[in-house]
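Next come the chains, spelled out residue by residue.
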Amino acid sequence: KSEGGINCSNLITNINQPSLSIETEKVNTINDPFRTLVNYKNAPKLYFRIIKTTREEIKKLDRRDYDKLWAAYTAMKPVKSWSLALHDPKDYQQHSTEIKIDGLGNGVYFILASMDEDFSLSDNILAKQLIYVSNISYLHNNNQEYYVLHRDNGLPLANTQVQVWESKYNYQSGYNEENKAEKYATDKNGMFKMKDSKDYRNILLQLKNNADELFMDDNEGYNTYSSYEGEIKPQAFLFTDRSIYRPGQIVYFKGIVIQKNKTTKKSEVLPNYKTKILLRNANYQKAAELTVTTNEYGSYKGSFKLPEGILNGQFSLLDSNANKNSKAKLVTTQ
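Being a predicted model, the structure only gives us computed values, none of them experimental. (Residues numbered from 1 in each chain as written. Predicted model: local features only at pLDDT ≥ 70, side-chain atom pairs only at ≥ 80, totals over all residues. Heavy atoms only, no water.)

Let's shift gears to the overall build of the protein. For the protein, the helix and strand inventory stands at three helices and 25 strands. Principal axes of the C-alpha set define a box for the protein whose edges measure 70 × 55 × 40 Å. Expressed as a percentage of the 334 residues in the protein, the buried residues total 42%. Restricting to contacts in the protein with at least 6 residues of sequence separation, those with at least 24 account for 64%. Roughly 18,500 Å² of accessible area belongs to the protein as shown, and the carbon and sulfur atoms make up 47% of that amount. On the protein, the mean spot of the 45 positive side-chain charges and the mean spot of the 39 negative ones are 3 Å from each other. (Helix = DSSP H or I, 4+ residues; strand = E, 2+ residues; numbered from the N terminus. Buried < 20%, exposed > 50% of the residue type's maximum accessible area, 1.4 Å probe, protein only. Contact = heavy atoms within 4.5 Å. Areas by Shrake-Rupley, 256 points an atom, 1.4 Å probe, with all protein chains shown as cover. Lys, Arg positive; Asp, Glu negative; His and termini not counted. Charge placed at Lys NZ, Arg CZ, Asp CG, Glu CD.)

Quick look at the structure:
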């Protein structure tokens, strides 16, 4: 019962504590096996489930109370399930390994991992990840030109139907609302060009090519400054120390800020630039903020501790005074 004895007891508990997390490429090609990185400690065996879901079902789940989310996940019917024995040298250290997952058809899936065969919600550790399976990929440049390509061979996907959705935060309901906007079809080079916009738009892209569809919850924020006379705002490039975090971990970030010179039309770093960096949660609400100032090289840095006991998912960092494209995305997992 001494202080040293209590400290030793706590240390033994930490040493014996198991841990589990999984990391998978966000989009994988149709019917092709893919890999998942498993990070674990004190876990000789794991159990896995693949659950097919939909955007509509995910949105319903996101509106539940947090403590009911995992009960909902584990109650969903899996399309595949299996167990895997892990290399456990009994050294109480963190280990990692890549495992193979068999190919899946086009769609949206949850990968669930558990240390308990029954996926119990008590005395157990669960991990979850949302993935997409599609052969569609896309990229875009600063001219709002988007190129839709085959994810495996890189060839252009002509006549891909593109539905644009605008996402706006509803302060009364506390959720983002999505409304249909314009539609496009890609040309023979897989290209379509987004219309000019003076106002900032937060959009989602729903892409269909024959029976294949890709509709991720990745917001594409943009506006076109070149189409009108107005203030040229700074552009911030934000970098984080990793892309996936657990609740309670610290996010370390850096930013480089540039601004286009109206006379020379060239971009230059912006020293002594003061701004607020916002941490937004999965519901796009402000979770924290930090005031920073760039040094002589136009860069700043800082850190946030991620909140615990709230909805996990896609968090984001945003430079509040810069171009609204100045943000970084990060994912929190259980």
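This brings us to the sheet that holds strand β3 (residues 34-41). Taken in spatial order, the three strands line up as β1-β3-β6 in an open sheet, and their pairing is antiparallel. Of all strands in the sheet, those with a lone pairing partner are β1 (19-24) and β6 (95-101), marking the two edges. On average, each strand axis in the sheet is tilted by 25 degrees relative to the strand beside it, whichever way the strands run. As paired strands, β1 and β3 are joined by six bridges and run antiparallel to one another. Its bridge partner being in β3, Thr 24 is matched across the sheet by Thr 36. (Pairing = 2+ DSSP bridges. Axes fitted to C-alpha atoms, helices over the stretch in contact; angles between N-to-C directions.)

What follows covers the pattern of salt bridges. Taken as a whole and judged by the stated rule, the model has ten salt bridges. For Lys 208, the salt bridge goes to Glu 213, with nearest N and O atoms at 3.8 Å. Residue classification places Lys 208 among the partly exposed positions, given a relative accessible area of 40%. Residues Glu 289 and Lys 276 are paired through a salt bridge, measuring 3.3 Å at the closest nitrogen-oxygen approach. A residue pair is termed long-range when its members are at least 10 positions apart, and Glu 289 in strand β22 (residues 286-293) and Lys 276 in strand β21 (residues 274-280) qualify at 13 residues. (Salt bridge = Lys/Arg side-chain N within 4 Å of Asp/Glu carboxyl O.)

Across the sheet, five strands lie side by side as β2-β8-β7-β4-β5; this open sheet has mixed pairing. Where the open sheet ends on each side, the last strands, each with one partner, are β2 (27-28) and β5 (80-85). Taken together, the seven bridges between strand β4 (residues 45-53) and strand β7 (residues 107-114) define a ladder with antiparallel strand orientation. Among the inter-strand pairings, Ile 51 is bridged to a residue of β7, identified as Phe 110.

Another aspect to go through is a nonpolar patch on the surface. A surface patch of nonpolar side chains, amounting to about 360 Å² of accessible area, comprises Phe 237, Phe 239, Ile 256 and Val 269. Tracing the chain through its elements places Val 269 in strand β20 (residues 267-269). Taking the relative accessible area as the measure of exposure, Val 269 reaches 44% and is therefore partly exposed. (Patch = residues over 30% accessible without salt bridge, like charges linked within 9 Å, V, L, I, M, F, W, Y side chains within 5 Å.)

Another point: the nonpolar core. The biggest cluster of nonpolar side chains holds 31 residues, and the ones touching the most others in it are Leu 61, Tyr 73, Phe 110, Phe 192, Met 194 and Leu 205. Per-element accounting of this core gives the leading share, four residues, to helix α3 (residues 66-75). Core analysis: the second largest hydrophobic core is formed by 20 residues, Ala 43, Leu 86, Ala 127 and Val 133 among them. (Core = buried A, V, L, I, M, F, W, Y, C linked by side-chain atoms within 4.5 Å.)

All right, on to the environment of Asn 321 then. Tracing the backbone shows Asn 321 in the loop between β24 (313-319) and β25 (327-332). We classify Asn 321 as partly exposed; its relative accessible area is 37%. For the pair Asn 321 and Ile 277, spaced 44 residues apart in sequence, the C-alpha separation works out to 8.7 Å. Discounting chain neighbours no more than four positions away, the residues touching Asn 321 are Lys 233, Pro 234, Tyr 273, Lys 274, Thr 275 and Lys 276. Of note is the side chain of Asn 321, whose polar atom sits 3.3 Å from the backbone oxygen of Lys 274. (Polar contact = N/O pair within 3.5 Å; in protein donor to acceptor, adjacent residues only side chain to side chain.)

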